Amino acid sequence: MLEVIAPYLDSKVVVCNLGIPSKELYALTHQSSNFYMLGSMGMATPIGLGISLSTNKEVVVIDGDGSILMNPGTLATAAHLNPPHLTIFAVDNSSYGSTGEQPTLTVSCVDLALLARGCGIPNVMKAAGKKQLVDAMKGPAHGLKFIHALALPGNAKVPNIPLHHLEVKKLVMEFIAS
Ligand SMILES: Cc1ncc(C[n+]2csc(CCOP(=O)(O)OP(=O)(O)O)c2C)c(N)n1
């Protein structure tokens, strides 16, 4: 799935969920503005929100269903603060993919798009398949966006990221300040 949206991440600050998604993003399309989350499950969207409130640059958060469900109140905070250049791309593979594909509650009772709408996020899109994912990434140009991206469970085989976390932080901060 990330390979479909990779062309739309160019020159944006990208805050990526921990585990396999970050490794996949690094392997696909590394850039100095990619913040690869390490360890802090549930913190990709809060960190992306904080960054988007302090810069005019476009910010994309790549989050996961398990992580969002750990910290769902952040969606309400994002809606309330309503930063104009933030996209939350929620990869919903209905599982904690990075730790062995244990099912999350999106299998049974939670619809992340409805959750985002209920929290007050103005632009909420559900996307499955290449065309819908691309359309969702392309527009609308302005305003807080939440893309509920439906994915099948299963991980790409990707190596570890050969960067120290402090180096990652430094590069992202330099990009934001540039
Ligand atoms: C507080 C905390 N609990 C558990 C973990 C272990 N952990 C790391 S990634 C992950 C799964 C994340 O699932 P999801 O957000 O759905 O993303 P996916 O891996 O499926 O892409 C878990 C449970 C952690 N890092 N921190």
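From a predicted model like this one, the values you see are computed outputs, not experimental measurements.

So, how was this worked out
Residues numbered from 1 in each chain as written. Predicted model: local features only at pLDDT ≥ 70, side-chain atom pairs only at ≥ 80, totals over all residues. Helix = DSSP H or I, 4+ residues; strand = E, 2+ residues; numbered from the N terminus. Rg over C-alpha atoms; globule rule 2.2 N^0.38 Å. Buried ≥ 20, exposed ≤ 12 C-beta atoms within 10 Å, placed from the backbone. Contact = placed C-beta atoms within 7 Å. Pairing = 2+ DSSP bridges. Axes fitted to C-alpha atoms, helices over the stretch in contact; angles between N-to-C directions. Arc of directions from axis to C-beta. Parallel < 35°, antiparallel > 145°, perpendicular 65-115°, else oblique. Left-handed = near helix turned anticlockwise from the far one by under 90°. Nonpolar A, V, L, I, M, F, W, Y, C, P; charged D, E, K, R; others polar. Core = buried A, V, L, I, M, F, W, Y, C linked by C-beta atoms within 7 Å.

**So, the overall build of the protein chain**
For the protein chain, the helix and strand inventory stands at eight helices and eight strands. Here the protein chain has a C-alpha radius of gyration of 15 Å; the compact-globule value for 178 residues is 16 Å, and the two agree. Buried residues in the protein chain amount to 40% of all 178 residues. Counted over contacts in the protein chain with a minimum sequence separation of 6, partners at least 24 positions apart contribute 67%.

**Overview of the sheet that holds strand E7 (residues 123-127)**
With respect to topology, six strands assemble into an open sheet ordered E2-E1-E3-E4-E8-E7, the strand pairing being parallel. Since the sheet does not close on itself, it has two edges, and those belong to strand E2 (34-36) and E7, each with one partner. Each neighbouring strand pair of the sheet contributes to a mean axis angle of 15°, computed without reference to strand direction. One ladder, built from six bridges, connects strand E3 (residues 59-64) with strand E4 (residues 86-92); its direction is parallel. Each bridged residue has a counterpart across the sheet, and for Val61 the counterpart in E4 is Ile88. Contacts from helix H7 (residues 130-138) reach E7 and strand E8 (145-150) within the one sheet, and its direction differs from that of E7 by about 165°.

**Remarks on helix H3 (residues 44-52)**
Listing the buried residues of H3 in full gives Ala44, Thr45, Gly48, Leu49, Ile51 and Ser52. Projected onto a plane normal to the axis of H3, the buried residues spread over an arc of 165° and lie on a single side. Those residues of H3 hidden inside the fold are in contact with strand E1 (13-16), E3, helix H4 (65-70), helix H5 (73-81), E4 and helix H8 (165-177).

**A few points about the packing of H3 against H5**
Packing of H3 against H5 brings their axes to within 10 Å, and their N-to-C directions diverge by 15°. The orientation of H3 with respect to H5, classified from their angle, is roughly parallel. For the crossing formed where H3 meets H5, the hand is left-handed. In contact with Thr45, Pro46 and Leu49 of H3, H5 contributes Thr74, Thr77, Ala78 and Leu81. Here the contact of H3 with H5 is built from residues that sort into four nonpolar, three polar and no charged.

**Focus: the nonpolar core**
Counting residues in each nonpolar core, the largest one holds 45 residues, and the members touching the most others are Val14, Val15, Cys16, Phe89, Ala90 and Ala149. The biggest single contributor to this core is E4, with five residues. With sequence-adjacent residues up to four places away left out, Cys16 is seen in contact with Pro21, Ser22, Leu25, Asn34, Phe35, Tyr36, Met37, Ala44 and Ile62.

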